[in-house]
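# Descriptive analysis of the structure
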Amino acid sequence: MKLYSWGANSHGQLGQNMVSEACCIPTEIIVPNLNPDHISSIVGGGGHTLALDRSGRVYSCGWNNKGQLGSAENEVMAFQPIETLTSQITQLACGWDSSLAVAADGTLIVWGSNHYSQLGLPKQRFNLLKSPKSLPFSKVKQASLGLRHLALVTEDGNVFVSGSGSKGQLGLADANGQPFSEISTLTQVSELRNIVGVSCGQHHCIALSNVGKIFVWGDNRFGQLGFDSTVQPVVYQPQELPLSAIPGVTGHPSSIYAGWTHSVLLTDKGEIVNWGRNIYGQLGADGRNRAVSWNPTLLRLSDRIKQVAVGSEHNVILTETGSIMSWGWNEHGNCGVGTQENVLEPTLVQIGQMSKANVIGSGACHSFAIVDPGSDM
């Protein structure tokens, strides 16, 4: 297996041991202390990246101005293990300049910027965390970071949030129906039950229940909640998004993803449904012709989709045959198709003559893939 990266690299977030404003084609990374065969996931923030191996160890590279790498260095140009993170980790997430990990025992571990209390701690005491800190909060199943907020799901299906809430992204409102501007400690969103996954966008959230129901809240200026933005420009508390009658969809919701201002749903039949902002082509081919981009619509593709990675305004997908496709914002080569022009429809990412991918990942404007260069596709 080989590890490739492309996109923005102004802080070394591609792990290529150098910096550049744009890397437009997938470039192999040689990491002596990290075997690509052992990588299980890769996630990124505004200028940093975290990688998780199958033993539960975490590696980081890129920008570290707020401690988001969990190390003492300012910038790290190549993946290095986070030595102070000793727990066995099962899941990672990045905000713009914040990071988190969920340990095998359900402990939540956070580091980086906490300027908006987005790490579940009072910012007056913990404005920056330069090394990972375990929170007194257990039984976490999954967690996500937005630009300035955090949302997590517990093993019993409850949702807790913290951070900035000025645009309704916390899903919490006071007695007068107004959003809390900021919450400094993890607080339960009482309306939500039996949730199995949550994803944070720039200023919005999506949650998936154990029976396939979708709940959304936060900023809806670009229709990223799946509602008409002229009618509901913001949603302060979770609302169910009806998805029962989308033409062409045969599967049931299995995973949800929030970009900065668009949203993506993957079904158990490998179908993609998306909605929200489309100024950069982030909704794909069907999106260009949609009368209303806020309406959840099937993105028609010839192959079933196995994995999805959503950046701030671009998307990367892995098909069941091992092909990688991308589309959306491409200013820094985020899509890996050899240009810096926005990609308006799903386009094949070429990595060698015969290569089959098995893992993809993305940050705000950078992307990764692990491929078998000897596979015959």
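Structural data are supplied above this passage.
These lines cover the structure that appears in this document, whether it is placed above or below.

What counts as what
- Residues numbered from 1 in each chain as written.
- Predicted model: local features only at pLDDT ≥ 70, side-chain atom pairs only at ≥ 80, totals over all residues.
- Heavy atoms only, no water.
- Core = buried A, V, L, I, M, F, W, Y, C linked by side-chain atoms within 4.5 Å.
- Buried < 20%, exposed > 50% of the residue type's maximum accessible area, 1.4 Å probe, protein only.
- Helix = DSSP H or I, 4+ residues; strand = E, 2+ residues; numbered from the N terminus.
- Contact = heavy atoms within 4.5 Å.
- Phe/Tyr/Trp six-rings, centres within 6.5 Å; stacked < 30°, edge-to-face > 60°.
- Lys NZ or Arg CZ within 6 Å of the ring centre and 35° of its normal.
- Pairing = 2+ DSSP bridges.
- Salt bridge = Lys/Arg side-chain N within 4 Å of Asp/Glu carboxyl O.

To continue, consider the nonpolar core. If you look at the biggest cluster of nonpolar residues, it comprises 31 residues, and the most contacted ones within it are I89, L100, L108 and L152. For this core, the secondary structure elements donating two or more residues are β4 (48–53), β7 (89–94), β8 (98–103), β9 (108–113), β11 (140–145) and β12 (149–154). Once residues within four sequence positions are removed from consideration, I89 is found in contact with L52, G56, V58, A101, V102, A103 and I109. The next biggest cluster of nonpolar side chains, apart from the first, holds 30 residues, and it includes V153, I183, V216 and I256.

Once that is clear, we can look at the packing of aromatic side chains. The tally for this structure, following the rule as stated, stands at four aromatic pairs. Measuring from ring centre to ring centre gives 6.1 Å for Y280 and W329, while their planes differ by 40°; the resulting arrangement is tilted. Of the two residues, Y280 sits in the loop between β21 (272–276) and α1 (285–288) while W329 sits in the loop between β25 (324–328) and β26 (343–348), which places them 49 residues apart along the sequence. Given the relative accessible area of 15%, W329 is considered buried. A cation sits over an aromatic face here: R277 above F222, 4.3 Å from the ring centre.

Turning our attention to the pairing of strand β3 (residues 39–44). Looking at chain direction, β3 and β4 are connected through five bridges and run antiparallel. Bridged to S41 within β4 is L52. The loop that links β3 with its antiparallel partner β4 comprises three residues.

This part takes up the pattern of salt bridges. Inspection of every chain in the model, using the stated rule, returns seven salt bridges. Among the ionic pairs, E83 bridges to R57, the shortest N-O distance being 3.1 Å. Taken as a pair, E83 in the loop between β6 (75–81) and β7 and R57 in the loop between β4 and β5 (58–63) lie far apart in primary sequence, 26 residues in all. Judged by its relative accessible area of 54%, E83 is exposed. The partner of E313 in a salt bridge is R277, and the shortest N-O contact between them spans 3.9 Å. Taken together, the residues span a long stretch of sequence, with E313 in the loop between β23 (305–310) and β24 (314–319) and R277 in the loop between β21 and α1 at a distance of 36 residues. Residue class for E313 comes out buried when judged on its relative accessible area of 5%. The class of R277 is partly exposed, set by a relative accessible area of 21%.

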